[in-house]
Amino acid sequence: MLAKRIIPCLDIKNGMTVKGIKFVGIKEVGDPVELGALYAQQGADELVFLDITASHEGRKTFVDLVKRIAQHINIPFTVGGGISEIKDAEALLNAGADKISINSSAVKNPQLINDMAKNFGSQFVVVAIDAKHFDGDEWIVTVNGGRIPTEKRLFSWAKEAEERGAGEILFTSMDHDGVKQGFANEALAKMSTELSIPIIASGGAGSMEHFKDVFTTGKADAGLAASIFHYKEIAIPDLKAYLNNEGINVRL
Amino acid sequence: MKIAIIKYNAGNIRSVSFALDRLGVEHIITADPDEIRNADKVIFPGVGEASSTMKYLKDTKLDELIVSLKQPVLGICLGMQLMCSHSEEGDVPCLGIFEETVNKFELPQPNTDLIKVPHMGWNAITNVNSALFDASLEGKYVYFVHSYYVALGEHTAATTNYILPYSSALHKNNFYATQFHPEKSGDVGSKILENFIKL
(Lines give C-alpha, C1' and ligand atoms only; values in the text may rest on other atoms or scores of the structure.)
Protein backbone atom coordinates (compact mmCIF):
# COMPACT_ATOMS: atom_id res chain seq x y z
CA MET A 1 0.00 0.00 0.00
CA LEU A 2 1.27 3.43 -0.96
CA ALA A 3 2.57 5.33 2.07
CA LYS A 4 1.50 8.87 2.95
CA ARG A 5 4.53 11.12 2.57
CA ILE A 6 6.09 13.52 5.07
CA ILE A 7 7.99 16.30 3.33
CA PRO A 8 10.13 18.87 5.13
CA CYS A 9 10.43 22.07 3.13
CA LEU A 10 13.62 24.07 3.24
CA ASP A 11 13.38 27.68 2.13
CA ILE A 12 16.75 28.81 0.84
CA LYS A 13 18.15 32.31 0.90
CA ASN A 14 21.78 32.94 0.02
CA GLY A 15 22.47 29.21 0.30
CA MET A 16 21.05 28.93 3.82
CA THR A 17 17.77 27.46 5.10
CA VAL A 18 15.19 29.93 6.32
CA LYS A 19 11.56 29.85 7.33
CA GLY A 20 9.41 32.94 7.30
CA ILE A 21 6.38 33.39 9.52
CA LYS A 22 3.71 34.18 6.92
CA PHE A 23 6.65 34.95 4.63
CA VAL A 24 7.75 37.94 6.71
CA GLY A 25 10.49 38.06 9.37
CA ILE A 26 12.89 35.52 7.96
CA LYS A 27 15.34 33.70 10.26
CA GLU A 28 18.29 31.55 9.22
CA VAL A 29 18.21 28.04 10.61
CA GLY A 30 20.92 26.01 8.93
CA ASP A 31 22.90 24.49 6.11
CA PRO A 32 20.51 22.97 3.53
CA VAL A 33 22.63 19.93 2.64
CA GLU A 34 23.31 19.05 6.28
CA LEU A 35 19.71 19.61 7.28
CA GLY A 36 18.39 17.69 4.25
CA ALA A 37 20.65 14.72 4.97
CA LEU A 38 19.53 14.72 8.60
CA TYR A 39 15.86 14.70 7.58
CA ALA A 40 16.49 11.91 5.06
CA GLN A 41 18.18 9.85 7.76
CA GLN A 42 15.28 10.51 10.14
CA GLY A 43 12.75 9.17 7.65
CA ALA A 44 11.61 12.14 5.59
CA ASP A 45 10.05 10.73 2.40
CA GLU A 46 11.03 13.61 0.14
CA LEU A 47 12.48 17.07 0.48
CA VAL A 48 11.52 20.39 -1.08
CA PHE A 49 14.06 23.19 -1.50
CA LEU A 50 12.61 26.56 -2.43
CA ASP A 51 14.91 29.36 -3.47
CA ILE A 52 12.80 32.18 -2.08
CA THR A 53 15.06 34.92 -3.38
CA ALA A 54 15.61 33.41 -6.82
CA SER A 55 13.72 36.13 -8.64
CA HIS A 56 16.04 38.78 -7.27
CA GLU A 57 19.45 37.17 -7.20
CA GLY A 58 21.74 35.14 -9.39
CA ARG A 59 20.73 31.51 -9.81
CA LYS A 60 24.14 29.91 -10.06
CA THR A 61 24.56 29.50 -6.29
CA PHE A 62 21.28 27.63 -6.13
CA VAL A 63 22.15 25.31 -9.04
CA ASP A 64 25.45 24.49 -7.33
CA LEU A 65 23.57 23.82 -4.11
CA VAL A 66 21.16 21.49 -5.95
CA LYS A 67 24.11 19.50 -7.25
CA ARG A 68 25.53 19.14 -3.73
CA ILE A 69 22.11 18.02 -2.49
CA ALA A 70 21.83 15.40 -5.26
CA GLN A 71 25.28 14.07 -4.45
CA HIS A 72 24.64 13.70 -0.73
CA ILE A 73 20.96 12.82 -0.35
CA ASN A 74 19.47 9.45 -1.30
CA ILE A 75 15.76 10.33 -1.37
CA PRO A 76 13.82 12.30 -3.99
CA PHE A 77 13.77 16.08 -3.85
CA THR A 78 11.94 18.93 -5.52
CA VAL A 79 13.40 22.35 -6.17
CA GLY A 80 11.55 25.55 -6.86
CA GLY A 81 11.77 29.30 -6.88
CA GLY A 82 12.15 31.58 -9.86
CA ILE A 83 11.85 28.88 -12.53
CA SER A 84 10.26 30.57 -15.52
CA GLU A 85 11.85 28.97 -18.57
CA ILE A 86 12.69 25.51 -19.88
CA LYS A 87 16.39 26.28 -19.58
CA ASP A 88 16.02 27.01 -15.82
CA ALA A 89 14.41 23.59 -15.36
CA GLU A 90 16.99 21.90 -17.52
CA ALA A 91 19.85 23.31 -15.43
CA LEU A 92 18.20 21.95 -12.27
CA LEU A 93 17.49 18.55 -13.88
CA ASN A 94 21.12 18.32 -14.95
CA ALA A 95 22.20 19.25 -11.44
CA GLY A 96 20.26 16.22 -10.19
CA ALA A 97 16.83 17.52 -9.13
CA ASP A 98 14.06 14.91 -9.29
CA LYS A 99 11.25 17.42 -9.70
CA ILE A 100 10.82 21.15 -10.12
CA SER A 101 7.99 23.25 -8.76
CA ILE A 102 6.62 26.24 -10.63
CA ASN A 103 4.27 28.78 -9.13
CA SER A 104 4.01 32.44 -10.22
CA SER A 105 5.56 31.70 -13.61
CA ALA A 106 2.84 29.13 -14.35
CA VAL A 107 0.11 31.59 -13.37
CA LYS A 108 1.59 34.21 -15.71
CA ASN A 109 2.23 31.68 -18.49
CA PRO A 110 0.15 28.48 -18.10
CA GLN A 111 1.65 27.07 -21.32
CA LEU A 112 4.87 26.66 -19.29
CA ILE A 113 3.26 23.62 -17.59
CA ASN A 114 2.63 21.95 -20.97
CA ASP A 115 6.14 22.76 -22.14
CA MET A 116 7.77 21.43 -18.97
CA ALA A 117 5.69 18.22 -19.04
CA LYS A 118 6.45 17.65 -22.72
CA ASN A 119 10.19 18.22 -22.27
CA PHE A 120 10.79 16.40 -19.01
CA GLY A 121 7.67 14.30 -18.28
CA SER A 122 4.81 15.03 -15.89
CA GLN A 123 6.62 13.30 -13.02
CA PHE A 124 9.11 16.18 -13.07
CA VAL A 125 6.53 18.98 -12.85
CA VAL A 126 4.99 20.08 -9.55
CA VAL A 127 2.64 23.05 -9.80
CA ALA A 128 2.67 25.00 -6.53
CA ILE A 129 -0.39 27.09 -5.77
CA ASP A 130 -0.58 29.70 -2.99
CA ALA A 131 -4.16 30.68 -2.31
CA LYS A 132 -6.18 32.74 0.16
CA HIS A 133 -9.67 31.83 1.25
CA PHE A 134 -12.22 34.37 -0.01
CA ASP A 135 -15.73 33.16 0.61
CA GLY A 136 -17.51 29.81 0.75
CA ASP A 137 -15.81 27.55 -1.80
CA GLU A 138 -13.88 30.41 -3.34
CA TRP A 139 -10.13 30.66 -2.94
CA ILE A 140 -8.06 33.32 -4.71
CA VAL A 141 -4.74 32.25 -6.19
CA THR A 142 -1.93 34.60 -5.16
CA VAL A 143 1.59 35.07 -6.51
CA ASN A 144 4.91 36.50 -5.33
CA GLY A 145 4.84 34.80 -1.95
CA GLY A 146 1.18 35.58 -1.32
CA ARG A 147 1.57 39.31 -1.87
CA ILE A 148 -0.39 39.66 -5.12
CA PRO A 149 -3.92 38.31 -5.72
CA THR A 150 -4.68 37.07 -9.25
CA GLU A 151 -7.77 36.46 -11.36
CA LYS A 152 -7.37 32.71 -10.93
CA ARG A 153 -9.41 30.60 -8.52
CA LEU A 154 -7.92 27.65 -6.67
CA PHE A 155 -9.97 24.66 -7.86
CA SER A 156 -10.25 25.62 -11.52
CA TRP A 157 -6.56 26.50 -11.65
CA ALA A 158 -5.55 23.20 -10.02
CA LYS A 159 -7.71 21.30 -12.54
CA GLU A 160 -6.22 23.28 -15.42
CA ALA A 161 -2.70 22.56 -14.15
CA GLU A 162 -3.51 18.84 -14.10
CA GLU A 163 -4.91 18.97 -17.64
CA ARG A 164 -1.82 20.81 -18.84
CA GLY A 165 0.41 18.03 -17.54
CA ALA A 166 1.31 18.75 -13.90
CA GLY A 167 2.40 15.60 -12.06
CA GLU A 168 1.49 16.89 -8.59
CA ILE A 169 -0.10 19.92 -6.95
CA LEU A 170 1.52 21.56 -3.93
CA PHE A 171 -1.22 23.65 -2.35
CA THR A 172 -0.31 26.21 0.31
CA SER A 173 -3.12 27.94 2.16
CA MET A 174 -1.88 31.45 2.89
CA ASP A 175 -4.49 31.68 5.64
CA HIS A 176 -3.04 28.67 7.42
CA ASP A 177 0.67 29.09 6.64
CA GLY A 178 2.79 29.85 9.71
CA VAL A 179 -0.09 29.91 12.20
CA LYS A 180 0.13 26.23 13.22
CA GLN A 181 -3.59 25.62 13.61
CA GLY A 182 -3.84 22.76 11.13
CA PHE A 183 -4.06 22.41 7.35
CA ALA A 184 -6.87 23.66 5.05
CA ASN A 185 -8.48 20.23 5.14
CA GLU A 186 -11.82 21.06 3.54
CA ALA A 187 -10.24 22.65 0.46
CA LEU A 188 -7.65 19.86 0.28
CA ALA A 189 -10.31 17.14 0.35
CA LYS A 190 -12.26 18.91 -2.41
CA MET A 191 -9.13 19.19 -4.54
CA SER A 192 -8.11 15.58 -3.94
CA THR A 193 -11.58 14.42 -5.01
CA GLU A 194 -11.62 16.58 -8.16
CA LEU A 195 -8.10 15.78 -9.35
CA SER A 196 -6.47 12.45 -10.13
CA ILE A 197 -2.85 13.52 -9.46
CA PRO A 198 -1.26 13.55 -5.97
CA ILE A 199 -1.87 16.56 -3.70
CA ILE A 200 0.81 17.84 -1.33
CA ALA A 201 -0.70 19.82 1.55
CA SER A 202 1.21 22.80 2.87
CA GLY A 203 0.58 25.47 5.45
CA GLY A 204 -0.66 25.06 8.99
CA ALA A 205 1.17 22.10 10.55
CA GLY A 206 1.56 22.71 14.27
CA SER A 207 1.05 19.29 15.83
CA MET A 208 1.23 15.60 14.99
CA GLU A 209 -2.56 15.46 15.02
CA HIS A 210 -2.66 18.02 12.21
CA PHE A 211 -0.87 15.50 10.00
CA LYS A 212 -3.34 12.77 10.91
CA ASP A 213 -6.18 15.16 10.00
CA VAL A 214 -4.64 16.18 6.68
CA PHE A 215 -4.36 12.54 5.60
CA THR A 216 -7.82 11.51 6.83
CA THR A 217 -10.11 14.57 6.57
CA GLY A 218 -7.93 16.42 4.04
CA LYS A 219 -7.34 13.28 1.90
CA ALA A 220 -3.88 14.60 1.01
CA ASP A 221 -1.19 12.32 -0.41
CA ALA A 222 1.65 14.16 1.31
CA GLY A 223 2.05 16.67 4.13
CA LEU A 224 4.67 19.39 3.91
CA ALA A 225 5.98 21.52 6.76
CA ALA A 226 9.01 23.58 7.64
CA SER A 227 9.30 25.36 10.96
CA ILE A 228 8.00 22.56 13.17
CA PHE A 229 10.81 20.37 11.82
CA HIS A 230 13.51 23.04 11.70
CA TYR A 231 12.84 24.17 15.28
CA LYS A 232 12.61 20.53 16.44
CA GLU A 233 9.05 20.96 17.70
CA ILE A 234 8.21 17.64 16.04
CA ALA A 235 10.79 14.96 15.27
CA ILE A 236 10.06 12.99 12.08
CA PRO A 237 10.54 9.52 13.71
CA ASP A 238 8.03 10.47 16.44
CA LEU A 239 5.58 11.79 13.86
CA LYS A 240 5.77 8.62 11.79
CA ALA A 241 5.38 6.37 14.82
CA TYR A 242 2.34 8.41 15.86
CA LEU A 243 0.73 8.20 12.39
CA ASN A 244 1.42 4.48 12.25
CA ASN A 245 -0.32 4.04 15.61
CA GLU A 246 -3.25 6.02 14.28
CA GLY A 247 -3.61 3.53 11.42
CA ILE A 248 -2.12 5.71 8.69
CA ASN A 249 0.21 3.92 6.31
CA VAL A 250 3.67 5.49 6.53
CA ARG A 251 7.17 4.28 5.71
CA LEU A 252 8.85 3.47 9.02
CA MET B 1 35.25 -3.68 -10.91
CA LYS B 2 33.87 -1.32 -13.49
CA ILE B 3 30.21 -0.48 -13.91
CA ALA B 4 28.86 1.03 -17.11
CA ILE B 5 25.74 3.17 -16.94
CA ILE B 6 24.18 3.22 -20.40
CA LYS B 7 23.92 6.79 -21.65
CA TYR B 8 20.88 7.47 -23.81
CA ASN B 9 18.07 10.00 -24.15
CA ALA B 10 16.54 9.41 -20.74
CA GLY B 11 16.49 11.21 -17.41
CA ASN B 12 17.86 10.22 -13.98
CA ILE B 13 21.20 8.91 -15.29
CA ARG B 14 23.00 11.39 -13.07
CA SER B 15 21.07 10.23 -9.99
CA VAL B 16 22.30 6.67 -10.55
CA SER B 17 25.84 7.97 -10.96
CA PHE B 18 25.61 9.94 -7.69
CA ALA B 19 24.29 6.83 -5.91
CA LEU B 20 27.30 4.81 -7.11
CA ASP B 21 29.59 7.65 -5.99
CA ARG B 22 28.05 7.43 -2.51
CA LEU B 23 28.83 3.70 -2.48
CA GLY B 24 32.38 4.41 -3.66
CA VAL B 25 31.94 2.34 -6.83
CA GLU B 26 33.92 3.20 -9.95
CA HIS B 27 31.71 3.69 -12.98
CA ILE B 28 31.40 5.30 -16.38
CA ILE B 29 28.42 6.80 -18.18
CA THR B 30 28.75 5.70 -21.77
CA ALA B 31 27.02 4.89 -25.04
CA ASP B 32 30.15 3.25 -26.46
CA PRO B 33 29.36 -0.40 -27.36
CA ASP B 34 32.86 -1.66 -26.46
CA GLU B 35 32.87 0.09 -23.10
CA ILE B 36 29.45 -1.35 -22.31
CA ARG B 37 30.37 -4.85 -23.51
CA ASN B 38 33.61 -4.85 -21.48
CA ALA B 39 32.13 -3.55 -18.23
CA ASP B 40 31.82 -5.94 -15.29
CA LYS B 41 28.24 -4.86 -14.80
CA VAL B 42 25.81 -2.68 -16.69
CA ILE B 43 23.04 -0.40 -15.42
CA PHE B 44 20.24 0.56 -17.79
CA PRO B 45 18.41 3.44 -16.08
CA GLY B 46 15.55 5.45 -17.41
CA VAL B 47 12.79 7.94 -16.98
CA GLY B 48 10.84 8.77 -20.10
CA GLU B 49 8.36 7.51 -22.67
CA ALA B 50 8.60 3.93 -23.98
CA SER B 51 7.98 4.21 -27.74
CA SER B 52 10.27 7.21 -28.37
CA THR B 53 12.98 5.62 -26.22
CA MET B 54 12.70 2.28 -28.05
CA LYS B 55 13.07 4.15 -31.34
CA TYR B 56 16.24 5.80 -29.99
CA LEU B 57 17.63 2.44 -28.85
CA LYS B 58 16.97 0.93 -32.30
CA ASP B 59 18.46 3.90 -34.15
CA THR B 60 21.63 3.64 -32.07
CA LYS B 61 21.64 -0.21 -32.13
CA LEU B 62 21.78 -0.19 -28.35
CA ASP B 63 18.80 -2.56 -28.50
CA GLU B 64 20.84 -5.42 -29.96
CA LEU B 65 23.73 -4.66 -27.64
CA ILE B 66 21.65 -4.77 -24.43
CA VAL B 67 20.01 -8.08 -25.36
CA SER B 68 23.41 -9.65 -26.10
CA LEU B 69 25.04 -8.72 -22.78
CA LYS B 70 26.37 -11.62 -20.69
CA GLN B 71 27.39 -9.80 -17.49
CA PRO B 72 24.84 -8.80 -14.80
CA VAL B 73 22.54 -6.05 -16.12
CA LEU B 74 20.22 -3.95 -13.95
CA GLY B 75 17.30 -2.12 -15.59
CA ILE B 76 15.66 0.64 -13.56
CA CYS B 77 12.11 2.01 -14.02
CA LEU B 78 11.65 2.62 -17.77
CA GLY B 79 14.78 0.48 -18.23
CA MET B 80 12.88 -2.46 -16.72
CA GLN B 81 9.80 -1.82 -18.84
CA LEU B 82 11.89 -1.67 -22.03
CA MET B 83 13.40 -5.08 -21.14
CA CYS B 84 9.92 -6.63 -21.38
CA SER B 85 8.26 -7.92 -24.55
CA HIS B 86 5.77 -5.13 -25.26
CA SER B 87 4.63 -1.80 -23.80
CA GLU B 88 1.15 -0.34 -24.02
CA GLU B 89 2.82 3.09 -23.80
CA GLY B 90 2.92 3.95 -27.50
CA ASP B 91 1.98 0.30 -28.29
CA VAL B 92 5.60 -0.66 -28.94
CA PRO B 93 7.48 -3.98 -29.05
CA CYS B 94 10.36 -3.81 -26.55
CA LEU B 95 13.61 -5.72 -26.03
CA GLY B 96 11.93 -9.01 -25.15
CA ILE B 97 14.43 -10.08 -22.49
CA PHE B 98 11.49 -10.77 -20.18
CA GLU B 99 8.32 -12.26 -21.70
CA GLU B 100 6.17 -10.07 -19.42
CA THR B 101 4.21 -7.13 -20.88
CA VAL B 102 3.80 -3.50 -19.74
CA ASN B 103 0.27 -2.17 -19.22
CA LYS B 104 -1.24 1.13 -18.09
CA PHE B 105 -2.70 1.36 -14.59
CA GLU B 106 -6.49 1.58 -14.80
CA LEU B 107 -8.20 3.52 -12.02
CA PRO B 108 -10.77 1.46 -10.10
CA GLN B 109 -14.40 2.45 -10.82
CA PRO B 110 -15.80 3.88 -8.63
CA ASN B 111 -12.55 5.31 -7.26
CA THR B 112 -13.67 5.46 -3.63
CA ASP B 113 -10.15 5.44 -2.18
CA LEU B 114 -9.09 8.34 -4.47
CA ILE B 115 -6.30 6.27 -6.03
CA LYS B 116 -3.96 8.42 -8.13
CA VAL B 117 -1.98 7.65 -11.27
CA PRO B 118 1.01 7.90 -11.52
CA HIS B 119 1.89 5.60 -8.68
CA MET B 120 4.17 8.08 -6.96
CA GLY B 121 5.85 7.64 -3.61
CA TRP B 122 6.95 4.89 -1.26
CA ASN B 123 5.46 1.42 -1.38
CA ALA B 124 6.45 -2.00 -0.06
CA ILE B 125 8.20 -4.83 -1.91
CA THR B 126 7.04 -8.34 -0.96
CA ASN B 127 7.82 -11.93 -1.99
CA VAL B 128 11.36 -10.82 -2.84
CA ASN B 129 13.24 -13.65 -4.52
CA SER B 130 16.35 -12.72 -6.46
CA ALA B 131 19.98 -12.03 -5.59
CA LEU B 132 19.16 -8.29 -5.58
CA PHE B 133 17.33 -8.85 -2.34
CA ASP B 134 17.97 -10.58 0.93
CA ALA B 135 15.44 -11.59 3.55
CA SER B 136 15.96 -8.31 5.45
CA LEU B 137 14.45 -6.42 2.50
CA GLU B 138 11.10 -8.25 2.57
CA GLY B 139 8.31 -5.71 3.11
CA LYS B 140 10.61 -2.67 2.94
CA TYR B 141 9.53 0.57 1.28
CA VAL B 142 11.11 1.87 -1.91
CA TYR B 143 10.41 4.86 -4.14
CA PHE B 144 8.24 4.57 -7.25
CA VAL B 145 7.14 6.96 -10.01
CA HIS B 146 5.30 5.29 -12.89
CA SER B 147 1.99 5.09 -14.75
CA TYR B 148 2.61 1.74 -16.46
CA TYR B 149 3.24 -1.57 -14.72
CA VAL B 150 4.55 -5.03 -15.47
CA ALA B 151 2.06 -7.80 -14.71
CA LEU B 152 3.03 -10.67 -12.45
CA GLY B 153 4.77 -13.43 -14.40
CA GLU B 154 7.35 -16.16 -14.44
CA HIS B 155 10.21 -13.69 -13.84
CA THR B 156 8.65 -11.65 -11.04
CA ALA B 157 11.34 -11.11 -8.39
CA ALA B 158 9.35 -8.78 -6.11
CA THR B 159 5.67 -7.91 -5.86
CA THR B 160 4.10 -4.56 -5.01
CA ASN B 161 0.43 -3.84 -4.55
CA TYR B 162 -1.02 -0.74 -6.18
CA ILE B 163 -4.50 -1.06 -7.67
CA LEU B 164 -3.39 -4.66 -8.26
CA PRO B 165 -0.38 -6.83 -7.36
CA TYR B 166 2.29 -6.37 -10.04
CA SER B 167 6.01 -7.01 -10.66
CA SER B 168 8.15 -4.42 -8.88
CA ALA B 169 11.29 -6.41 -9.80
CA LEU B 170 12.17 -9.01 -12.42
CA HIS B 171 14.99 -11.51 -12.79
CA LYS B 172 16.03 -13.87 -15.58
CA ASN B 173 19.56 -15.28 -15.93
CA ASN B 174 21.97 -12.30 -15.90
CA PHE B 175 19.18 -9.73 -16.25
CA TYR B 176 17.78 -7.94 -13.19
CA ALA B 177 15.31 -5.08 -13.12
CA THR B 178 13.44 -2.88 -10.67
CA GLN B 179 10.38 -0.75 -11.34
CA PHE B 180 11.31 1.43 -8.34
CA HIS B 181 14.33 3.71 -8.09
CA PRO B 182 16.97 2.13 -5.81
CA GLU B 183 19.09 5.27 -6.29
CA LYS B 184 16.33 7.30 -4.59
CA SER B 185 15.16 4.73 -2.04
CA GLY B 186 17.29 5.71 0.94
CA ASP B 187 19.29 3.03 2.75
CA VAL B 188 17.08 0.21 1.42
CA GLY B 189 17.85 1.28 -2.13
CA SER B 190 21.57 1.51 -1.38
CA LYS B 191 21.48 -2.07 -0.08
CA ILE B 192 19.83 -3.27 -3.30
CA LEU B 193 22.47 -1.49 -5.41
CA GLU B 194 25.19 -3.02 -3.23
CA ASN B 195 23.67 -6.47 -3.74
CA PHE B 196 23.79 -5.92 -7.50
CA ILE B 197 27.38 -4.74 -7.34
CA LYS B 198 28.35 -7.84 -5.33
CA LEU B 199 26.86 -10.28 -7.87
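Being a predicted model, the structure only gives us computed values, none of them experimental.

What counts, and at which threshold
- Residues numbered from 1 in each chain as written.
- Chains lettered and ligands numbered in written order.
- Predicted model: local features only at pLDDT ≥ 70, side-chain atom pairs only at ≥ 80, totals over all residues.
- Heavy atoms only, no water.
- Buried < 20%, exposed > 50% of the residue type's maximum accessible area, 1.4 Å probe, protein only.
- Helix = DSSP H or I, 4+ residues; strand = E, 2+ residues; numbered from the N terminus.
- Pairing = 2+ DSSP bridges.
- pLDDT = per-residue confidence, 0-100.
- Contact = heavy atoms within 4.5 Å.
- Phe/Tyr/Trp six-rings, centres within 6.5 Å; stacked < 30°, edge-to-face > 60°.
- Lys NZ or Arg CZ within 6 Å of the ring centre and 35° of its normal.

So, about the pairing of strand 11 (residues 156-162) of chain B. Strand 11 of chain B sits mainly inside the fold: six of its seven residues count as buried. Between strand 11 of chain B and the antiparallel strand that follows it, strand 12 (residues 164-172) of chain B, lie one residue; B:I163 among them carries a positive phi value of about 70°.

The predicted model of chain A averages 91 in pLDDT, with 93% of residues at 70 or higher. Residue range residues 21-25 of chain A is modelled with pLDDT below 50. Its contacts to residues more than four positions away, or to other chains, number twelve contacts.

Quick look at the packing of aromatic side chains now. This structure, assessed with the given rule, holds 15 aromatic pairs over all chains. Relative to A:F77, the ring of A:F49 lies with its centre 5.8 Å away and its plane at 90°, an arrangement referred to as edge-to-face. Highlighted residues: A:F49 in strand 4 (residues 47-51) and A:F77 in strand 5 (residues 77-80), separated in sequence by 28 residues. The buried category is assigned to A:F77, whose relative accessible area is 0%. Among the aromatic residues, those joined into a cluster by ring pairs are B:F105, B:F144, B:Y149, B:Y162, B:Y166 and B:F180. The ring of A:F155 has A:K190 lying over it, and the distance from NZ or CZ to the ring centre is 4.8 Å. Between B:K104 and the ring centre of B:Y148, over which it is positioned, the NZ or CZ distance is 5.2 Å.

The next point concerns the pairing of strand 12 of chain B. In the case of a regular strand, side chains alternate between the two sheet surfaces. All names here are of chain B. Relative to strand 12, strand 11 runs antiparallel, the two sharing six bridges. Across the sheet, residue T159 finds its bridge partner in strand 12, namely S167. Taken together, the four bridges between strand 12 and strand 13 (residues 175-178) define a ladder with antiparallel strand orientation. In the strand pairing of strand 13, H171 is matched with Y176.

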